[in-house]
Structure formats: C-alpha cells, structure tokens
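Single-letter residue listing:
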Amino acid sequence: MNSHSTERFLSYLRDKNTDAVRFRWASDNLARLLCIEATGKLPHREIEIETPVGTASGQRLDTDLMVLPIYRAGQSLVQAFLGVVPDAAVGSVLIQRNEETAQPKLYYKKLPHPLPKHVIILDPMLATAGSAVMAVNILKDEGYDAEQIYFAGVVAAQQGFNRLAEHIPEDHITVAAIDPVLNEKKYIVPGLGDYGDRYFGT
Ligand code: PRP
Ligand code: URA
C-alpha cells in the first residue's frame, strides 16, 4: 500500500510522542484503508444493476468471509473490517509472544461454523511472523488451503513478510509498510513499538 493517506496515519503511529487517543484515531483510520485494500483482493463477480435511469455493470464480493483477529492487538482492526463487510463472521485466536523468547503461544481459539470460504487474518504487527504462521496453521488444520487465506496488518518486518509468504500467496498479504529489520527483542525497527500497548494504553 502506498498513498499519502496511508503515510499520514502511519506517521502518527510511528511517532513516539503520539498519545493513546491520537494513536487509536490514526489506527482506526488506517484500518479502513487497509480494509478497502485487503477486501479488494477477494474474489468478486460482475453484476448488472438497474439504476433509476438505466443499466450499469458493477461488482459484488463473491464469497463469504471470516475475519480472524489475533488477540490482543488484532482486535484493533476488527471494527473497520465489519464496517466494510458487515456480514463477515468473526473468529478468535488469542496468541501471545513470550516476552523473552518471542515464541508464540496459543491460549484460546474459537471459529465460526460453518466455516466461511475465505479468511483474512488481522494483526497490525508482523515481526518474526511466528504468530501469523501459527494462525495460518490453525486454519489449515481446519481444512483451509493457502489460496483461501489472506493477511492484513500495519507494519511487517521484511523477514516476517518473507516467512508468511512461504505459507500463503504473497499477493494475499496487505500491509501499510515493510520495515528492514528486527532488533534483539524481535521488535520491528524502525516500527512503532508495541502496538497493543499503545492502542489500548497499557
Ligand atoms: C504482537 C503482535 C503480533 C505479534 C507479532 O503481539 O500483535 O501478534 O506480536 O510478532 P511475531 O510476528 O514475531 O509473532 P503480542 O504477542 O506482543 O501480544 P499483544 O497483541 O497483546 O500485544
Ligand atoms: N509486536 C509489536 O507490537 N511490535 C513489534 O515491533 C513486534 C511485535
């Protein structure tokens, strides 16, 4: 994704002086842009529409959708997606990274039944991609194949982006920025710090 609007909101998120209220505002606005971009990659079908004065061709989303936020930070993106696809089902996975090892651990999962045809995993930060790959594997264990799985996030580290692209198609991944490196604590650099802490003010 690359536009002045994306950059404007992302710049507030990156700035260490942005307070929690402004951070949430920038996050919610950027989430809408992400959502428009990510849902545009889902299958669409051509339709014909009767306007009040004639006939026009158009597009409809041609699938049923689940959004799967990785809690906690992924929760910050859910409302934006429901604003654009109001009938999407919402699954839940609570995955947390261990603070010392950065290894992800699954604490809870609940998926809708029947399972919708396509899924967008939501998580603002893709660092090592350990959490996202764990979510992908949960979906694959439920019977999804890679072509049915998408990811939307705010900032990816290059290595996390590359790793996730080994598990789902690269063009299914939507992020506002790809940053070059991780630091020794597996935080994205320059990144924006801890998204969950800044969004929820913890
Ligand atoms: C953060 C973030 C991702 C994960 C990314 O969550 O929201 O889920 O780390 O790192 P990874 O790509 O190396 O797995 P965290 O576990 O810190 O929990 P939080 O959502 O409560 O902040
Ligand atoms: N989680 C975050 O919130 N930020 C990072 O940079 C890495 C993981």
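Our subject is the structure listed above.
Turning to unusual backbone geometry, a few remarks are in order. Look at the link from Y71 to R72: it is a cis peptide, with omega at 20 degrees. Take R72: it is sitting in the loop between β3 (65-71) and α3 (78-84). For the peptide bond that leads from H113 to P114, omega is 0 degrees, which places it in the cis range. Relative to the elements of secondary structure, P114 occurs in the loop between β6 (104-110) and β7 (118-122). Of note in the backbone geometry, K186 takes a positive phi value of approximately 65 degrees without being a glycine. If you trace the backbone, K186 turns up in the loop between β11 (181-182) and β12 (188-189).

Turning to helix α4 (residues 130-141), a few remarks are in order. A rise of 1.5 Å per residue sets the reference length of α4, with its 12 residues, at 16 Å; its end C-alpha atoms lie 16 Å apart and thus fit the reference within 8%. Residues of α4 that are buried include every one of G130, S131, A132, V133, A135, V136, I138 and L139, and no others. Downstream of α4 by one or two residues, G143 has phi in the positive range, about 110 degrees.

The next thing to look at is the site of ligand 2. If you check the shell around ligand 2, you find R97, M125, A127, K186, Y187, I188, G193, D194 and Y195 and nothing else. In the model, an oxygen atom of ligand 2 is placed 2.8 Å from a nitrogen or oxygen of the I188 main chain. G193 places a polar main-chain atom, nitrogen or oxygen, 2.8 Å from a nitrogen atom of ligand 2. Calculation on ligand 2 without its partners gives an accessible area of 240 Å², and the protein chains cover 89% of this total. Broken down by class, the residue content of the shell around ligand 2 amounts to 5 nonpolar, 1 polar and 3 charged.

Criteria and cut-off values
- Residues numbered from 1 in each chain as written.
- Chains lettered and ligands numbered in written order.
- Predicted model: local features only at pLDDT ≥ 70, side-chain atom pairs only at ≥ 80, totals over all residues.
- Heavy atoms only, no water.
- Helix = DSSP H or I, 4+ residues; strand = E, 2+ residues; numbered from the N terminus.
- Expected span 1.5 Å × (residues − 1).
- Buried < 20%, exposed > 50% of the residue type's maximum accessible area, 1.4 Å probe, protein only.
- Near = heavy atom within 4 Å.
- Polar contact = N/O pair within 3.5 Å; in protein donor to acceptor, adjacent residues only side chain to side chain.
- Areas by Shrake-Rupley, 256 points an atom, 1.4 Å probe, with all protein chains shown as cover.
- Nonpolar A, V, L, I, M, F, W, Y, C, P; charged D, E, K, R; others polar.

Purely geometric stuff here, so don't read any function into it on its own.
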